[in-house]
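# Commentary on secondary and tertiary structure
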Amino acid sequence: LTGVLDDCLCDIESIDDFNTFKIFPKIQKLQERDYFRYYKVNLKRPCPFWADDGHCSIKDCHVEPCPESKIPVGIKAGSSNKYSKAANNSKELEDCEQANKLGAVNSTLSNQSKEAFIDWARYDDSQDHFCELDDERSPDAQYVDLLLNPERYTGYKGPSAWRVWNSIYEENCFKPRSVYRPLNPLAPSRGGDDGESFYTWLEGLCLEKRVFYKLISGLHASINLHLCANYLLEETWGKPRWGPNVKEFTRRFDPAETKGEGPRRLKNLYFLYLIELRALSKVAPYFERAVVDLYTGNGHEDAESKALLLDIFRDTKSFHMHFDEKSMFAGEKKGAKSLKEEFRLHFKNISRIMDCVGCDKCRLWGKLQTQGLGTALKILFSEKEIQSLPENSPSKGFQLTRQEIVALVNAFGRLSTSIKELQNFKVLLQQTR
């Protein structure tokens, strides 16, 4: 992958260098800090679009009580899992049990952490929110330690996983049904078209609708990269060994194996990185105000976290080839406004589809990354409000909840990791040739 990306004046090599030497080491550090490592999520929300038939849907996960003397036990799948009919086949049942083991969410939390959350909630409630996230108030919402639940291959695959992505692309990407979008290598082939008519059609779309498709495709590519880079390579004596799986990477991204589709997906990953990078540079004034704390109750740690975040903002501002979002929604006012609303509703729908993901860990990271991207879009569409923020008081015009801040940073951290992993795969592929 080399050269300039479509729809922006930025080249891949510049992003690689900027990410490797400036952003990646700092964002890794930031994600390890208490404020950013705990994310509140409701993994029990029912799928609003179809009956939950997910292969190995880990719906009955429960949090076991934590004995204070020991490291508490995480979430395990209950015994009453509803398997699909096909799963009566013993091989599928075996797969399912394996996936249960791999996909379980570890919700270990110390008592100290629990007390900190009560403080955070009080602090969050005292802020003037831009929007209320009803999900956080649900009794089913729980805090998850993201460091104990890394995004990786969980064994979740097959028709259920395929249905989620298919629904996202087919029903939410401003696409007429007559235009076939290639989803290789996951999709059955549709004859000789190879999706070229889709790309001809895409190029004829307005910038905003092209951007929407690229963001979703970039997110899909990023998630696939994480699964390839953190793959269960072997499990000997109960000790799993995780690492990069070159064969899986090739299957998903190699031009020959994907009929030219793989490099397009990876370019969309870079495009998504640029969009979220731009949002970080735009939201800096919100955090630069003294009134905004990354509050955990530990003053010293909070100050260090904020200093590190502001340092990352300085780096994002120094990047000289940002995407220019002013070119979006710039047409006549009425049309631009309705297009922006359509954009928002399509995106909201995609975040709801994440409740249809059958594996808890995949659902957790799917929800976090869509919320992070949603927050980035909210920032890009709120430039005037951010510029007119009062220095010493919360603003009614623009607010970010702790949830949105945690999602924004971790979602960008995932993209930064994807681009770093892509460099690793390039080296591994050269070694295998």
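In the annotation of an unreviewed UniProt entry, the entry for the chain reads ERO1B protein, and the organism field reads Lanius ludovicianus. Listed under Sequence similarities (unreviewed entry) in UniProt, the entry text for the chain is "Belongs to the EROs family."

### A few points about the overall build of the chain
Looking only at helices and strands, the chain has 15 helices and 4 strands in total. Burial statistics for the chain: of 433 residues in total, 54% are counted as buried. Taking as baseline every contact in the chain between residues at least 6 positions apart, the subset at least 24 positions apart corresponds to 77%. Accessible surface, the chain as shown: approximately 20100 Å² in total, 52% of it carbon and sulfur.

### Notes on unusual backbone geometry
Within the chain, Lys-259 stands out as a residue other than glycine whose phi angle is a positive 55 degrees. Considering the arrangement of structural elements, one finds Lys-259 in the loop between helix H9 (246-253) and helix H10 (261-288). With a relative accessible area of 38%, Lys-259 lands in the partly exposed category.

### Describing helix H1 (residues 12-31)
Look at H1: only 25 Å from first C-alpha to last across 20 residues, short of the 28 Å you get at 1.5 Å a residue. Ile-23 marks the point of greatest bend in H1, at about 50 degrees, and the proline Pro-25 comes within the next four residues. Of the residues making up H1, those classed as buried are Ile-12, Ser-14, Ile-15, Asp-16, Phe-18, Asn-19, Ile-23, Phe-24, Ile-27, Leu-30 and Gln-31. On its buried face, H1 sits against helix H2 (34-37), H10, helix H11 (299-318) and helix H15 (402-432).

### Observations concerning the side chain of Gln-369
Position of Gln-369 among the secondary structure elements: in helix H13 (residues 360-380). Not counting residues within four places of it along the chain, the set of residues in contact with Gln-369 comprises Glu-151, Leu-219, Ser-222, Ile-223, His-226, Ala-411 and Arg-414.

### Digging into the pattern of salt bridges
Between side chains of opposite charge, pairing is possible as soon as their charged atoms come close. Tallying each qualifying case throughout the model produces 17 salt bridges. A salt bridge links Asp-16 to Lys-426, with the shortest nitrogen-to-oxygen separation between them at 3.9 Å. Of the two residues, Asp-16 sits in helix H1 while Lys-426 sits in helix H15, which places them 410 residues apart along the sequence. The partner of Arg-252 in a salt bridge is Glu-248, and the shortest N-O contact between them spans 2.8 Å. In this pair, Arg-252 and Glu-248 are both assigned in helix H9, 4 residues apart and thus about one turn of the helix distant.

### A short note on the packing of aromatic side chains
With the rule as written, the count across this model stands at 8 aromatic pairs. Taking 5.0 Å as the distance between ring centres and 35 degrees as the angle between the ring planes, the aromatic pair formed by Tyr-273 and Phe-412 counts as tilted. Taken together, the residues span a long stretch of sequence, with Tyr-273 in helix H10 and Phe-412 in helix H15 at a distance of 139 residues. The buried category is assigned to Phe-412, whose relative accessible area is 0%. An angle of 85 degrees between the planes, with centres 5.4 Å apart, marks the rings of Tyr-286 and Phe-398 as edge-to-face. On the criterion of sequence distance, the pair formed by Tyr-286 in helix H10 and Phe-398 in the loop between helix H14 (383-387) and H15 is long-range, its members being 112 residues apart. Comparing Tyr-286 with Phe-398 shows no difference in burial state: the two are buried. Feature note: the residues Tyr-286, Phe-287, Phe-313 and Phe-398 constitute an aromatic cluster, connected by ring pairs. In this structure, Lys-378 packs its charged tip against the face of Phe-398, placed 5.7 Å from the ring centre.

The rules behind each value
- Residues numbered from 1 in each chain as written.
- Predicted model: local features only at pLDDT ≥ 70, side-chain atom pairs only at ≥ 80, totals over all residues.
- Heavy atoms only, no water.
- UniProt positions renumbered as here; feature names shortened; annotations may be inferred.
- Helix = DSSP H or I, 4+ residues; strand = E, 2+ residues; numbered from the N terminus.
- Buried < 20%, exposed > 50% of the residue type's maximum accessible area, 1.4 Å probe, protein only.
- Contact = heavy atoms within 4.5 Å.
- Areas by Shrake-Rupley, 256 points an atom, 1.4 Å probe, with all protein chains shown as cover.
- Expected span 1.5 Å × (residues − 1).
- Bend = angle between axes of the 7 residues up to and from the residue.
- Salt bridge = Lys/Arg side-chain N within 4 Å of Asp/Glu carboxyl O.
- Phe/Tyr/Trp six-rings, centres within 6.5 Å; stacked < 30°, edge-to-face > 60°.
- Lys NZ or Arg CZ within 6 Å of the ring centre and 35° of its normal.

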